[in-house]
Amino acid sequence: MAELAGLSLYFHIPFCLSKCHYCDFNSYVGLGWLIPQYVDALQEEMQLYAKAAWQFEVKTAYFGGGTPSLLPREAVARLLETSARLFHTSPGMEVTLEANPGTVEPSFLAQLRRGGVNRLSLGVQSFSDRELRLLGRIHSAAEAREAYQAARQAGFQNINIDLLYALPRQTIKKWQNSLAAALRLAPDHLSLYPLTLEPGTPLSSAVAAGSLPPPDADLAAEMYLFASD
């Protein structure tokens, strides 16, 4: 039998507790009460695509956002169950959920792992509390470490850590410190992103007003090369 072509599912979860200062993603604060209706809508949308997609094998599923870790565990389970019913899902399908370290508890992580989520992507962004405040994150560096350890204890064997670099007033030494802190945790993957100043975001406005320095492209390149090494 010929191998089926691969397909990936992406679930966008646009709910947040607060909007980060650099974020222009499709996400909203204060609308968590809409989560049940939104999950219903996602299931209906999957139904629309099911017939056309049946000839493909779904090899990965990704919950992005927004803040997918605001979803109740039952909602994640419903979406995965619907996926398995409507699509040709691979037995070893990789299921990733993005999590904000400020929104996860050990019991929630254990429930996610038992429910079929086998990869966690932690949006740490920095291991400097000062930089986290600049970015408008709702967690501290200590809470990020605690979330990582809780994920390991919950049984996650595949964990990614997101980090941002080329931040306003970030030195190469501070970037090296953040990288070293991440590597000490021994994650299975690192996703490293240079900061992009998106129009209309608080960070972009602060740079335009002169209260924060603009990005230094040469320094950003140095940080990239150091991370690659």
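What counts and what doesn't
- Residue numbers run consecutively from 1 along every chain, following the written order of its sequence.
- Residues qualify for local features only when their pLDDT is at least 70, as the model is predicted, and side-chain atom pairs are given and counted only at 80 or more; totals for whole chains, interfaces and linings, by contrast, use all residues.
- Each side-chain value is worked out from all heavy atoms of the structure, with water and hydrogens disregarded.
- Each helix corresponds to a stretch of at least 4 residues labelled H or I by DSSP, and each strand to a stretch of at least 2 residues labelled E; elements are numbered beginning at the N terminus.
- The quantity called the radius of gyration is restricted to C-alpha atoms. Its globule counterpart is 2.2 Å times the number of residues to the power 0.38.
- Relative accessible area decides the class of each residue, using a 1.4 Å probe on protein chains only: under 20% of the type maximum gives buried, over 50% gives exposed, and in between gives partly exposed.
- Every residue pair with non-hydrogen atoms within 4.5 Å of one another is taken to be in contact.
- In these tables, accessible area is a Shrake-Rupley quantity obtained with a 1.4 Å probe, and a residue counts as shielded only by the protein chains included in the view.
- Counted as positive: Lys and Arg. Counted as negative: Asp and Glu. His and the chain ends are not counted at all.
- The location of each charge is read from NZ of Lys, CZ of Arg, CG of Asp or CD of Glu.
- By nonpolar core is meant a set of buried Ala, Val, Leu, Ile, Met, Phe, Trp, Tyr and Cys residues that side-chain atoms within 4.5 Å join together.
- Two aromatic rings, drawn from Phe, Tyr or Trp (for Trp, its six-membered ring), form a pair once their centres lie within 6.5 Å of each other, and the interplanar angle then sorts them: stacked below 30 degrees, edge-to-face above 60, tilted otherwise.
- Only Lys NZ and Arg CZ are tested; either one counts as a charge over a ring when it is within 6 Å of the ring centre and within 35 degrees of the ring normal.
- For this document, the term salt bridge refers to a Lys or Arg side-chain nitrogen within 4 Å of an Asp or Glu carboxyl oxygen.
- A pair of strands counts as paired when DSSP detects no fewer than two bridges linking them.
- In this analysis an axis means a line fitted to C-alpha atoms, helices contributing only their contacting stretch, and an angle means the value between N-to-C directions, from 0 to 180 degrees.
- One fewer than the residue count of a helix, multiplied by 1.5 Å, yields its expected span.
- Side-chain atoms alone can form a polar contact between residues adjacent in sequence; in general such a contact is a pair of N or O atoms within 3.5 Å, and within protein one must be able to donate a hydrogen while the other accepts it.

Concerning the overall build of the protein
- Per the secondary structure count, the protein includes 8 helices and 8 strands.
- In terms of C-alpha radius of gyration, the protein reaches 19 Å, essentially the compact-globule figure of 17 Å for 229 residues.
- With the C-alpha coordinates aligned to their principal axes, the bounding extent of the protein is approximately 55 × 35 × 35 Å.
- Looking at the protein as a whole, 45% of its 229 residues qualify as buried.
- Intrachain contacts of the protein at a sequence separation of at least 6 include 78% that bridge at least 24 residues.
- Of the roughly 11700 Å² of accessible surface on the protein, 55% is carried by carbon and sulfur atoms.
- Here the protein holds 18 positive side-chain charges and 22 negative ones, and the gap between their average locations is 4 Å.

Side note on the nonpolar core
- Phe-11, Phe-63, Phe-127 and Phe-156 are the most contacted members of the largest nonpolar core, which totals 55 residues.
- One finds Cys-23, Leu-164, Leu-203 and Ala-206 within the second-largest nonpolar core, a separate group that totals 12 residues.

Concerning the packing of aromatic side chains
- Throughout the structure, instances matching the rule amount to 4 aromatic pairs.
- With a centroid separation of 6.1 Å and an interplanar angle of 20°, the aromatic rings of Tyr-10 and Tyr-62 are classed as stacked. Here Tyr-62 lies in strand β4 (residues 56-65) and Tyr-10 lies in strand β1 (residues 5-13), a separation of 52 residues in the sequence.
- For Tyr-10, a relative accessible area of 49% gives the class partly exposed.
- Here Tyr-62 falls in the partly exposed class, since its relative accessible area comes to 26%.
- Centroid distance Phe-15 to Tyr-38: 5.4 Å. Interplanar angle 90°. Geometry classified as edge-to-face. A residue pair is termed long-range when its members are at least 10 positions apart, and Phe-15 in strand β2 (residues 15-16) and Tyr-38 in helix α1 (residues 35-53) qualify at 23 residues.
- Take Phe-15: its relative accessible area is 5%, and that puts it in the buried class.
- You can call Tyr-38 partly exposed: its relative accessible area is 24%.
- Above the plane of the ring of Phe-156 lies Arg-113, whose end atom (NZ or CZ) is 6.0 Å from the centre.

Here we look at the pattern of salt bridges
- Using the criterion set out here, one finds 2 salt bridges in the structure.
- A salt bridge links Arg-152 to Asp-188; the nearest nitrogen and oxygen atoms lie 2.9 Å apart. Taken together, the residues span a long stretch of sequence, with Arg-152 in helix α5 (residues 141-153) and Asp-188 in the loop between α6 (172-185) and β8 (189-194) at a distance of 36 residues.
- Residue class for Asp-188 comes out partly exposed when judged on its relative accessible area of 41%.

Points about the sheet that holds β4
- Spatially, β1-β4-β5-β6-β7-β8 is the arrangement adopted by the 6 strands of the open sheet, whose pairing is parallel. Single-partner strands in this sheet number two, and they are β1 and β8. Neighbouring strand axes in the sheet, compared pairwise and without regard to direction, differ in orientation by 20° on average.
- Together, β1, β4 and β5 (88-99) form the strand contacts of helix α2 (residues 73-86), whose direction differs from that of β5 by roughly 155°.

A short note on helix α8 (residues 217-228)
- Counted at 1.5 Å a residue, the expected span for α8 with its 12 residues is 16 Å, and the 16 Å between its end C-alpha atoms agrees.
- Where α8 starts, the residue carrying a side-chain oxygen 3.0 Å from the main-chain nitrogen of Asp-218 turns out to be Asp-216.

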